[in-house]
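Each chain, written out:
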Amino acid sequence: MQGEWFGETVGPDVWVTCRELIPAGSVFAFLAEHRGGLFPAVAFADMYPSGNGRPSMPPQILAAAITLQALHGLSDFETVQELRCDLRWKAACGLGLHDMAFDPSLLAYFRRRLARSARPNRVFEAVREVVKATGVLKGKHRRALDSTVLDDAVATQDTVTQIIAAIRAVIREVPTAHEVAAVQCTAHDYTDPGKPPIAWNDPGARAALVDALVGDALRLLGHLPEQQLGEKAANAVGILALVAGQDVEPAEDSDGRDGRWRIARGTVHDRTVSTVDPEARHIHKNRTRHQEGFRAHVAFEPETGLFTEVALTAGSGADNHEAAVAQDLLADEDTAVTALGDAAYGTGDLREHLHAQGHDLVIKPPPLKPAVPGGFTSDDFTVDTEQGQVTCPAGHTARLGRPLANGARQAQFKKLCATCPLKDRCTRSKTGRVFSVHAKYDLLKAAREQAATDPGWQAEYRRWRPPVERAIAWLVAKGNRRVPYRGVIKNNVWLHNRAAALNLRRLINLGLTRTNGTWTLTTATA
C-alpha cells in the first residue's frame, strides 16, 4: 500500500535546522520547499492499488530521489549514500538528520512500478505541467529537433562470445536443455567461463571453432523437446536462434545443407551486438563515428532552454529514424510551431506530415549527390510531374514510367545517352542514365529552393537551430552518454527523468516558485 508522508523525521528536520547550509536557488532547496506540490501523493495512487500490507516509502521521497539521481548521473548505491551523508539530499527528500534512508534496491523497485504503470513518464509529465502553469512557453513557437547516440550499458560481444553465452542461457533457463546439451554440444565446455583454448591468431582455428559452435547451437535447438516455455526460456531460445545465424553463412564450397559454416562477409542489418542487452544496436551516426547503443531524440525550445519532448529508441530500423520519431515528438503541440532540424529530418514524408498539421518548416534539405563526382545533380534536370516527363541538361526529354513500390517513378534516357556529349558528366552507366523521381519530388524541390534562396529561412536556421546542440550537451553531461540500464523501456523512462531534472533546473534558474498553490516565474524569461 502507498505510504504517506506526515512530516515526521528521524532526528531534526534538516530543512528546518540547516536551511542556511542548503544553496539558495538550487534544485535541492526547491525540492525541500516544493516537493509536495511538484509530486503530490495522489499522482502516484494508481501505482499502489492495494490498501493492505506494509506502507511503502512515500512516493514523493522516491520521486525526488530519482529526479536528483537523474540530474547528477548517479547509481542507486551512490544515490542512497548521498541521502545518508549529504545534508542537501536529506533536505530535498524530506529526511531527518539521523535518517539512514533505505536500501538501494528500493529505487529499482520504484522504477519498476513506474515502468509497469499506465504513465511510466509521470515525473517528466509533472515537470511539464509546471511548465504549462508558468506560461513560460506562451508565444514560443519554435521547436528544434535533434538526436544523439547513447552508449549501451553492456560490453559488445564478438560472434564466439555471443554463441557461447546464448547456449549457456538455454542450458540454464530451458528445462531438459542440460541433458540435450550434454549429448549434442561438443565444441566447448559450456561450464567453463572462459573462451575456448585455441590459437586465436590462426584463421583456420577460428573458422573451425565458429563452424563447431554454430553446429552445437543448431543441434541444441533442433533436439529440444516440444514444450511450453516461460518468458525467460523463450527469450533464451530466441536469442540463440538469432545469434547462431546472424554472423555466419555457408562455407565457401558448401550448399548450405551439409552443416558447414563460416563468418559471413559484411555485417547483417540490425545486428544484435550483445546477448546481455539484445536491444542494443550498432549505430553509424556518421561515416567516422560508430557506436553501440540506443538513439535519443529531443524536441527543444531554444529561447527558454526547455525540452518539450524526448524519446529513446533502438538504434536502427525505419521506425526509429529521426524523421519517423519527429512526428511523435511534435504530436502533443497545441498550436502550430516552427520545426527546425538538420538534414536527417528532411524526408518527404515528414515534410508532408508536418505541413498537414499546420507547422512551419525550417528543416535543412539533404544534400544532392551527383551520379558522377563534379557532375550533374537532379536539380540540373527539369522535372514536370504533372506532364510526367523529365528533360536532361542536354535537352533530351523522356517520359516518366509508372510508380514503383516506393512511389518513385523513372525516366529512361538510355538510348539518348549514346551520342550525348554530356554523358561523362551525367552517368557512369554504359547503357545510359536512368533518372529516378522521388514520390515527394515537388515538395523536396521546393524545400531545396527555399533553403538556397530565402534569406529569412537562412537567418532563422542559423539563429535557432544551433541551441539544440547545447541541449544535447546538457543531456549527456556527467557521464550520461552511457545509459544506466538494459533495454529500450527502462532507458526511455530514464531519459524522461533526465530531461525532467534538466527542465526543473532550468525553470529554477528562471525564477520558478509556488505561491498560494500557483506555479510562477519571478524573473524575466529572456
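These notes cover the structure that comes with them. (Residues numbered from 1 in each chain as written. Predicted model: local features only at pLDDT ≥ 70, side-chain atom pairs only at ≥ 80, totals over all residues. Heavy atoms only, no water.)

Digging into the overall build of the protein chain
Scanning the protein chain for helices and strands turns up 17 helices and 15 strands. With the C-alpha coordinates of the protein chain rotated into their principal frame, the extents come out at 90 × 70 × 40 Å. The proportion of buried residues among the 526 residues of the protein chain is 47%. When the accessible surface of the protein chain is summed, it comes to about 26200 Å², and 52% of that surface belongs to carbon and sulfur atoms. Computing the positive centroid from 63 side-chain charges and the negative centroid from 60, the protein chain places the two 4 Å apart. (Helix = DSSP H or I, 4+ residues; strand = E, 2+ residues; numbered from the N terminus. Buried < 20%, exposed > 50% of the residue type's maximum accessible area, 1.4 Å probe, protein only. Areas by Shrake-Rupley, 256 points an atom, 1.4 Å probe, with all protein chains shown as cover. Lys, Arg positive; Asp, Glu negative; His and termini not counted. Charge placed at Lys NZ, Arg CZ, Asp CG, Glu CD.)

Some details on the side chain of R433
Tracing the backbone through its elements, the reader meets R433 in the loop between β12 (409-412) and β13 (434-437). For the buried R433, no salt bridge exists, and the shortest N-O distance to an oppositely charged side chain is 8.3 Å, to D380. A polar side-chain atom of R433 sits 2.8 Å from the main-chain carbonyl oxygen of C426. If we skip the residues at most four places from it in the chain, R433 touches A371, F381, A411, Q412, F413, K414, C417, C426 and T427. (Salt bridge = Lys/Arg side-chain N within 4 Å of Asp/Glu carboxyl O. Polar contact = N/O pair within 3.5 Å; in protein donor to acceptor, adjacent residues only side chain to side chain. Contact = heavy atoms within 4.5 Å.)

Side note on the sheet that holds strand β9 (residues 382-384)
Pairing is antiparallel in the open sheet, where 3 strands are placed in the order β9-β10-β11. The open sheet is flanked by β9 and β11 (397-399), the only strands paired with a single partner. Within this sheet the neighbouring strands show an average axis-to-axis angle of 15 degrees, counted without direction. Inspection of the sheet shows β9 paired to strand β10 (residues 389-391) by 3 bridges, in the antiparallel sense. Residue pairing in the sheet places T382 in a bridge with T391 of β10. (Pairing = 2+ DSSP bridges. Axes fitted to C-alpha atoms, helices over the stretch in contact; angles between N-to-C directions.)

Some details on the pattern of salt bridges
According to the stated counting rule, one finds 23 salt bridges in the structure shown. A salt bridge links E173 to R172; the nearest nitrogen and oxygen atoms lie 3.6 Å apart. Exposure remark for R172: the relative accessible area of 59% places this residue in the exposed category. Here D349 makes a salt bridge to K440, at a shortest N to O gap of 3.2 Å. Taken together, the residues D349 in helix α13 (residues 348-356) and K440 in the loop between β13 and α14 (441-453) connect sequence positions 91 residues apart. Given a relative accessible area of 18%, K440 falls into the buried group. Connected through salt bridges with shared partners, the residues D146, D342, R465 and E469 form a single ionic network.

Focus: the nonpolar core
Counting residues in each nonpolar core, the largest one holds 82 residues, and the members touching the most others are L31, L38 and F307. Discounting chain neighbours no more than four positions away, the residues touching L38 are F30, L31, A126, V127, V130, L504 and W519. (Core = buried A, V, L, I, M, F, W, Y, C linked by side-chain atoms within 4.5 Å.)

Observations concerning a positive patch on the surface
A contiguous patch of positive charge, built from R112, R116, R486 and K490, is present on the exposed surface. A relative accessible area of 39% places R112 in the partly exposed class. (Patch = residues over 30% accessible without salt bridge, like charges linked within 9 Å, V, L, I, M, F, W, Y side chains within 5 Å.)

Concerning the packing of aromatic side chains
Going through the model one piece at a time under the given rule, you end up with 9 aromatic pairs. With a centroid separation of 6.1 Å and an interplanar angle of 55 degrees, the aromatic rings of F28 and W89 are classed as tilted. In this pair, F28 is assigned in helix α2 (residues 27-38) and W89 in helix α5 (residues 87-93), connecting sequence segments 61 residues apart. Summarising the aromatic geometry, the rings of W457 and Y461 are spaced 5.4 Å apart at their centres and angled 5 degrees between planes, so their arrangement reads as stacked. Remark: Y461 and W457 occur in helix α15 (residues 455-464); sequence separation between them is 4 residues, near one turn of the helix. For the pair W457 and Y461, one class covers both residues: buried. Here a set of aromatic residues connected by ring pairs shows up, and it is made of F39, F44 and F110. A cation over an aromatic ring shows up here: K195 above the ring of W200, its NZ or CZ 5.0 Å from the ring centre. In this structure, R463 packs its charged tip against the face of W464, placed 3.9 Å from the ring centre. (Phe/Tyr/Trp six-rings, centres within 6.5 Å; stacked < 30°, edge-to-face > 60°. Lys NZ or Arg CZ within 6 Å of the ring centre and 35° of its normal.)

What about unusual backbone geometry?
In this structure, T176 takes a positive phi of about 70 degrees despite not being glycine. Within the secondary structure, T176 is located in the loop between α8 (159-173) and α9 (177-184). Residue classification places T176 among the partly exposed positions, given a relative accessible area of 40%. A positive phi angle is found at D270, which is not glycine, with a value near 60 degrees. Of note, D270 is situated in the loop between β3 (261-263) and β4 (281-284). With a relative accessible area of 37%, D270 lands in the partly exposed category.

Here's the deal with the environment of I508
Here I508 is to be found in helix α17 (residues 488-509). Taking the C-alpha atoms as reference, I508 lies 51 Å from I164; in sequence the two are 344 residues apart. Setting aside chain neighbours within four positions, we find I508 in contact with G25, S26, V27 and F30.

Remarks on α2
Residues spaced three or four apart along an α-helix point in a common direction, a consequence of the helix completing one turn every 3.6 residues. Taking 1.5 Å per residue as the helical rise, α2 with its 12 residues ought to reach 16 Å, whereas the 12 Å between its terminal C-alpha atoms falls clearly short. Counting buried residues along α2, 9 of its 12 residues qualify, which places the element largely inside the surrounding structure. Residues V27, F28, A29, F30, L31, A32, H34, R35 and L38 constitute the buried set of α2. (Expected span 1.5 Å × (residues − 1).)

What about the packing of α14 against α15?
It is at 6 Å that the axes of α14 and α15 come closest, and there the two elements cross at 80 degrees. As summarised for this structure, α14 and α15 are arranged roughly perpendicular, according to the angle between their axes. Between α14 and α15, the contacting residues are Q450, A451, A452 and T453 on the first element and P455, W457 and Q458 on the second. Of the residues assigned to the contact of α14 with α15, the class counts are 4 nonpolar, 3 polar and no charged. (Parallel < 35°, antiparallel > 145°, perpendicular 65-115°, else oblique. Nonpolar A, V, L, I, M, F, W, Y, C, P; charged D, E, K, R; others polar.)

Re the packing of helix α3 (residues 59-72) against helix α6 (residues 105-116)
At a minimum axis distance of 11 Å, the contact between α3 and α6 shows a crossing angle of 100 degrees. Here α3 is positioned roughly perpendicular relative to α6, judged by the angle of their axes. Listed contacts from α6 to P59, L62, A63, A65, I66 and Q69 of α3 are L106, L107, F110, R111 and L114.

Side note on the state of the cysteines
Under the defined criterion, the tally for this structure stands at 0 disulfides. Counting only cysteine sulfurs, C85 is the nearest neighbor of C18, a cysteine outside any disulfide, at a range of 15 Å. According to the relative accessible area criterion, C18 is buried, its value standing at 14%. Left without a disulfide partner, C417 is nearest to the cysteine sulfur of C426, which lies 5.7 Å away. (Disulfide = S-S within 2.5 Å.)

In short, shape yes, function no, at least from these values alone.
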